[in-house]
Amino acid sequence: MRTALVLLFALAVAAIPGSLIPQRRISPVRVDDFIAAHPTLGPLYDKVGLFGVYSSPWFSAVYLLLFVSLVGCIVPRLRVYTRALRAQPPRTPRNLRRLPAYATAEIAPEDTEGAATVLERAARELKRQHYRVRVEEGSVAAERGYLREAGNLVFHISLLFLLLGVAVGALWGYRGSSVVIVGQGFSNSVTQYDDLTAGAWFKATSLKPFNVVVKDFQVKFETGPVQTGAARLFRADLDVTEAPGDPTKPVALEVNHPLRVDGSTVHLIGHGYAPIVTVKDGQGNVAFSGPVVFLPQDGNFTSAGVVKVPDARPDRIALQGFFLPSAVQQGDQAPTSAFPDALNPALFVNVWSGAPVPETGKAENVYSLDTAGLTQVKGDDGAPLRIALQPGQGVTLPNGLGSVQLDGWSRWVKLQVGDSPGAPLALGSIAFAVLGLCLSLFVRPRRVWVRLANRTEGEQGSTVVEIGGLDRADARGGLTDDVDELATHLATGTAGPQAQKEASTT
């Protein structure tokens, strides 16, 4: 048990770096930034696995040792508990006065039947109180509270299965997210995810081939004087196809009301705006046309983004700026969004251009612009060109670069898809662990003995029943009261005998 506790503490300490240091599976960009900012510590952390704590060999070793230690702790205790369940309550001690709780009950001399049946009545009363009773010649031994040790075992076995459930989820589970523009769809395949985190034994072929089309997205914000701009409704109307060839069914997806499809869970975790932009190049050809995802930067959904047009000729073009759903500009100050809903949408961008470059096939961030090889376009006054567009407006770019038009805007939603195969096992284990903990905390293992003693000196013709009690674990009290109540119950007589009560504490 001590070994298991030490390993559990070691596991908790080992998990701390995973919370303080960026993890490669969760945020590879932050890991790269950390290594670049710390040229000495970064490579060292990488070698010892601090950027992947939960999959590192040393963390796995502690995890497995804890698992083995728990098994080694539980198996011997199961054997001991099994023997205890089959065993009879221990024999009556010689001197009951030395027990923590002790009482006597006097049987009246005229009650001739009482002395003969007192042990029988004691056994019957103890059985009613859920004691396991052992009747011997001249005494009764009783014991209860076996569920306390059962609670301890249930707790430790549940902890074992909890570790197993976490391990199953870590090895076979996955979680990914995808940004989907309203009107477009998502298919559950690896290429459709913007980011995907999966266990070591996860296989892409295990993904269930369902399809989701975002037909509409409804959003409402508070317009009253109290909590202005607070979210009141987020709901995506989906068409879901659970398997190829299956009929499509409409589903409403809301926050905290996920969609479950063939073992996978789909959550709605974010939304934003996607301005619809058309860019014509210097030759008059449409080089780009369509919605572009802009990421919200504040509570009023001031959204930043980039429109990349690598196919424009004679020069490639890039737009970088902000989309404001409710644009407000005061004097010479920069425009801001005053409300999260699209009450006065506007697009504000700077323009970059450069010579075309051959495609390398390397992935790049669609939300940021690498300005290497690009030059910022300037206006007639020599200052960087800044374009402000509202839906339906367009502008011609200088130097024969082409034109830019804001056709409108759309919304996008962020869907999170995942499967945690060990979650039911882990949750069930937690429930049983709580049950076992309650049993171990509130069940009081107790032993009670009842014995007929010799007649008290000086009181010829009377019989004394001795009752002793022992709590086998720290309890909230009540042992003395229970022993006294049993003594009162066993006392008999026509004149209403009084139980002579005597409690001693060792």
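Residues numbered from 1 in each chain as written. Predicted model: local features only at pLDDT ≥ 70, side-chain atom pairs only at ≥ 80, totals over all residues. Heavy atoms only, no water.

S.K.: When you look at the overall build of the protein chain in this model, what are you seeing that I'm missing?
M.R.: Of the regular secondary structure elements, the protein chain holds eight helices and 24 strands. In terms of overall dimensions, the protein chain is more spread out than a globule: its C-alpha atoms have a radius of gyration of 38 Å, far above the 23 Å expected for 506 residues. With the C-alpha coordinates of the protein chain rotated into their principal frame, the extents come out at 125 × 55 × 50 Å. A total of 506 residues make up the protein chain; the buried ones form 38% of that total. When contacts within the protein chain are restricted to residue pairs at least 6 apart in sequence, long-range pairs at least 24 apart make up 63% of them. Counting every atom, the protein chain has about 27,900 Å² of accessible surface; 55% of that belongs to carbon and sulfur. With 47 positive and 46 negative side-chain charges, the protein chain shows a spacing of 8 Å between the two charge centroids. (Helix = DSSP H or I, 4+ residues; strand = E, 2+ residues; numbered from the N terminus. Rg over C-alpha atoms; globule rule 2.2 N^0.38 Å. Buried < 20%, exposed > 50% of the residue type's maximum accessible area, 1.4 Å probe, protein only. Contact = heavy atoms within 4.5 Å. Areas by Shrake-Rupley, 256 points an atom, 1.4 Å probe, with all protein chains shown as cover. Lys, Arg positive; Asp, Glu negative; His and termini not counted. Charge placed at Lys NZ, Arg CZ, Asp CG, Glu CD.)

S.K.: How do you make sense of the packing of helix α4 (residues 57-86) against helix α6 (residues 146-172) when you look at a structure like this?
M.R.: Two measures define how a pair of helices packs: the angle their axes make with one another and the distance between the axes. Put simply, α4 and α6 touch, their axes get as near as 10 Å, and they point 155 degrees apart. Between α4 and α6, the interaxial angle falls into the category roughly antiparallel. In terms of crossing hand, the pair formed by α4 and α6 is left-handed. Taken together, the residues of the contact of α4 with α6 break down into 21 nonpolar, two polar and two charged. (Axes fitted to C-alpha atoms, helices over the stretch in contact; angles between N-to-C directions. Parallel < 35°, antiparallel > 145°, perpendicular 65-115°, else oblique. Left-handed = near helix turned anticlockwise from the far one by under 90°. Nonpolar A, V, L, I, M, F, W, Y, C, P; charged D, E, K, R; others polar.)

S.K.: So what exactly am I meant to see when it comes to α4 here?
M.R.: Residue pairs spaced three or four apart in an α-helix point in one direction, given the helix's 3.6 residues per turn. Between its first and last C-alpha atoms α4 spans 44 Å; for 30 residues at 1.5 Å apiece the expected length is 44 Å, and the two agree. Those residues of α4 that sit buried are Phe59, Val62, Tyr63, Leu66, Ser69, Leu70, Cys73, Ile74 and Tyr81. (Expected span 1.5 Å × (residues − 1).)

S.K.: Explanation requested: the side chain of Asn188 in the structure shown.
M.R.: With respect to the helices, strands and loops of the structure, Asn188 is situated in the loop between β5 (185-187) and β6 (195-198). Here the side chain of Asn188 touches Lys208 through a polar contact of 2.8 Å, landing on its backbone oxygen. Setting aside residues up to four positions removed in sequence, Asn188 forms contacts with Tyr174, Tyr193, Leu207, Lys208, Phe210, Ser264 and Val417. (Polar contact = N/O pair within 3.5 Å; in protein donor to acceptor, adjacent residues only side chain to side chain.)

S.K.: Hey, could you run me through the confidence of the model for the protein chain in this one?
M.R.: Do not read the predicted coordinates in detail wherever pLDDT is low. Across the protein chain, the average pLDDT comes to 88, with 93% of residues at or above 70. For residues 493-506, every residue scores under 50 in pLDDT, and the model assigns this stretch 30 contacts once sequence neighbours within four places are set aside. (pLDDT = per-residue confidence, 0-100.)

S.K.: I keep staring at the pattern of salt bridges and nothing clicks. Help me out?
M.R.: One pass over the full model with this rule turns up 15 salt bridges. Note that Arg235 is salt-bridged to Asp237, the shortest N-O span being 3.7 Å. Since its relative accessible area comes to 26%, Arg235 is described here as partly exposed. Take Asp237: its relative accessible area is 22%, and that puts it in the partly exposed class. Two residues, Asp341 and Arg411, come together in a salt bridge whose shortest N-O distance is 3.0 Å. With Asp341 in the loop between β17 (336-337) and β18 (346-354) and Arg411 in strand β22 (residues 402-419), the pair connects residues that are 70 residues apart, well separated along the chain. Judged by its relative accessible area of 11%, Arg411 is buried. (Salt bridge = Lys/Arg side-chain N within 4 Å of Asp/Glu carboxyl O.)

S.K.: Got a minute to help me understand the pairing of strand β21 (residues 394-397) in this structure?
M.R.: On a regular strand, one side chain projects to one face of the sheet and the next to the other, so that they alternate. Of the strand pairs in this sheet, β21 and β22 are connected by four bridges, and their pairing is antiparallel. Residue pairing in the sheet places Gly394 in a bridge with Gln405 of β22. (Pairing = 2+ DSSP bridges.)

S.K.: Got a minute to help me understand the sheet that holds β5 in this structure?
M.R.: Remark on secondary structure: sheet strands pair via backbone hydrogen bonds, oriented parallel or antiparallel. Taken together, four strands build an open sheet; the order of strands is β5-β7-β8-β9 and the sheet is antiparallel. Strands with a single pairing partner mark the edges of an open sheet, and in this sheet they are β5 and β9 (249-254). Taken over all neighbouring pairs, the strand axes of this sheet differ in orientation by 30 degrees on average, direction set aside.

S.K.: Would you mind showing me how to read the sheet that holds strand β2 (residues 132-136) here?
M.R.: Read across the sheet, five strands follow the order β1-β24-β23-β3-β2 without closing on themselves; strand pairing throughout is antiparallel. Edge positions in the sheet fall to β1 (101-107) and β2, since each of these pairs with one other strand and no more. Going across the sheet, the axis of each strand differs from the next one's by a mean of 15 degrees, ignoring polarity. Sheet topology places β1 next to strand β24 (residues 463-471); seven bridges connect them, and they run antiparallel. Bridge pairing in β24 places Tyr102 opposite Gly468. On top of the sheet, helix α8 (residues 479-490) reaches β1, β3 (139-144), β23 (446-453) and β24; it is set at about 10 degrees to β1, its chief contact.

S.K.: What exactly am I supposed to notice about the packing of aromatic side chains here?
M.R.: Given two aromatic rings, their pairing is described by the distance between the two centres and the angle made by the two planes. Enumeration according to the criterion identifies 15 aromatic pairs in this entry. With a centroid separation of 5.3 Å and 40 degrees between ring planes, the pair formed by Tyr174 and Phe202 is classed as tilted. With a gap of 28 residues between them, Tyr174 in strand β4 (residues 174-181) and Phe202 in the loop between β6 and β7 (211-221) connect regions that are remote in the sequence. The exposure class assigned to Phe202 is buried, which follows from its relative accessible area of 16%. Ring geometry for Tyr273 against Phe301: centres 6.1 Å apart, planes inclined by 90 degrees, an arrangement best described as edge-to-face. In this pair, Tyr273 is assigned in strand β11 (residues 264-280) and Phe301 in the loop between β13 (295-296) and β14 (303-309), connecting sequence segments 28 residues apart. This pair shows no difference in class: Tyr273 is buried, exactly as Phe301 is. Here a set of aromatic residues connected by ring pairs shows up, and it is made of Phe217, Phe221, Phe234, Tyr273, Phe301, Phe323, Phe339 and Trp409. (Phe/Tyr/Trp six-rings, centres within 6.5 Å; stacked < 30°, edge-to-face > 60°.)

S.K.: What should I look at first to understand unusual backbone geometry in this one?
M.R.: Negative phi characterises most residues that are not glycine, and trans characterises most peptide bonds. In this structure, the amide linkage connecting Arg313 to the following residue, Pro314, adopts the cis form with an omega of 10 degrees. Looking at the element boundaries, Pro314 is found in the loop between β14 and β15 (316-324). The backbone of Asn256 shows a phi angle near 70 degrees, a positive value even though the residue is not glycine. Locating Asn256 in the fold gives a position in the loop between β9 and β10 (259-261). With relative accessibility at 70%, the residue Asn256 sits in the exposed group. Its identity as a non-glycine residue notwithstanding, Asn399 has a phi of 60 degrees, on the positive side. With respect to the secondary-structure elements, Asn399 resides in the loop between β21 and β22. Assessed through its relative accessible area of 69%, Asn399 is described here as exposed.

S.K.: Is there a simple way to think about the packing of α6 against helix α7 (residues 423-442) in this case?
M.R.: Close contact between α6 and α7 brings their axes to 7 Å; oriented N to C, the two are set at 160 degrees. Classified by the interaxial angle, the pair formed by α6 and α7 is roughly antiparallel. In this structure, α6 crosses over α7, and the sense of that crossing is left-handed. Contacts from Leu147, Arg148, Gly151, Asn152, Val154, Phe155, Ser158, Phe161, Leu162, Leu164 and Gly165 in α6 reach Leu425, Ala426, Ser429, Ile430, Phe432, Ala433, Gly436, Leu437, Leu439 and Ser440 in α7. Here the residues of the contact of α6 with α7 are counted per class, giving 13 nonpolar, seven polar and one charged.

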